[in-house]
Amino acid sequence: MAVMVKPLANGVAEELGLNPRPFVVALMFGASASFATPVGYQTKTLVYGAGNYRFGDFLRIGIPMNIIVGGSMVGAIPIFFPLYIF
């Protein structure tokens, strides 16, 4: 799905006159940071069934992890991937 949205991220960055790389990095981190549900990745679905976890267990731990990863990426991406092309 993220591959399908990549041209949109590139288009927005180019329309704003900014470097498209930070937009693509944010898109990829967002696509891979789905901690709040067990259906986001195959391994979590396997652990969900085998470990007798409840859906709420993933929400209780996953939502804070999503907030932490999202916040740290908002702060880190502009540092490591500058928005302006020199």
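Residues numbered from 1 in each chain as written. Predicted model: local features only at pLDDT ≥ 70, side-chain atom pairs only at ≥ 80, totals over all residues. Heavy atoms only, no water.

1. A few points about the packing of helix 1 (residues 2–16) against helix 2 (residues 20–32)
Remark: helix 1 packs on helix 2, axes separated minimally by 8 Å, with the N-to-C direction vectors making an angle of 150°. With respect to helix 2, the element helix 1 is oriented roughly antiparallel. Relative to helix 2, the crossing made by helix 1 is right-handed. Here helix 1 contributes Ala2, Val5, Lys6, Ala9, Asn10, Val12, Ala13 and Leu16 to the contact with helix 2, which in turn contributes Pro20, Phe23, Val24, Leu27, Met28 and Ala31. Residue classes in the contact of helix 1 with helix 2 are distributed as 12 nonpolar, 1 polar and 1 charged. (Axes fitted to C-alpha atoms, helices over the stretch in contact; angles between N-to-C directions. Helix = DSSP H or I, 4+ residues; strand = E, 2+ residues; numbered from the N terminus. Parallel < 35°, antiparallel > 145°, perpendicular 65-115°, else oblique. Left-handed = near helix turned anticlockwise from the far one by under 90°. Contact = heavy atoms within 4.5 Å. Nonpolar A, V, L, I, M, F, W, Y, C, P; charged D, E, K, R; others polar.)

2. A short note on the side chain of Asp57
Here Asp57 is to be found in helix 4 (residues 55–80). A relative accessible area of 16% places Asp57 in the buried class. Among the polar contacts listed, one links the side chain of Asp57 to the backbone nitrogen of Arg54, at a separation of 2.9 Å. (Buried < 20%, exposed > 50% of the residue type's maximum accessible area, 1.4 Å probe, protein only. Polar contact = N/O pair within 3.5 Å; in protein donor to acceptor, adjacent residues only side chain to side chain.)

3. Some remarks on the packing of aromatic side chains
In this structure the tally under the stated criterion is 2 aromatic pairs. Taking 5.7 Å as the distance between ring centres and 70° as the angle between the ring planes, the aromatic pair formed by Tyr48 and Phe58 counts as edge-to-face. Highlighted residues: Tyr48 in helix 3 (residues 42–50) and Phe58 in helix 4, separated in sequence by 10 residues. Aromatic rings pair up to connect Tyr48, Tyr53 and Phe58 into one cluster. (Phe/Tyr/Trp six-rings, centres within 6.5 Å; stacked < 30°, edge-to-face > 60°.)

4. A short note on the layout of surface pockets
Picture a little ball the size of a water molecule; that probe, rolled over the atoms, points out where space is still empty. Space inside the largest pocket adds up to approximately 160 Å³. Lining the largest pocket are Phe35, Lys44, Tyr53, Asp57, Phe58, Arg60, Ile61, Gly62 and Met65. In terms of residues, the lining of the largest pocket owes the most to one element, helix 4, which gives 6 residues. Looking at the lining of the largest pocket residue by residue, the class counts come to 5 nonpolar, 1 polar and 3 charged. (1 Å grid on protein atoms, 1.4 Å probe; cavity = no way out; pocket = protein on both sides within 12 Å on 5 of 7 lines; lining within 4 Å. Points joined across faces, edges and corners; volume = space filled by probe spheres on them.)

5. Structural notes on the side chain of Asn19
Examined against the element boundaries, Asn19 turns out to sit in the loop between helix 1 and helix 2. Reaching out from Asn19, the side chain makes a polar contact with the backbone nitrogen of Arg21 at a distance of 3.3 Å. Here the side chain of Asn19 touches Pro82 through a polar contact of 3.3 Å, landing on its backbone oxygen.

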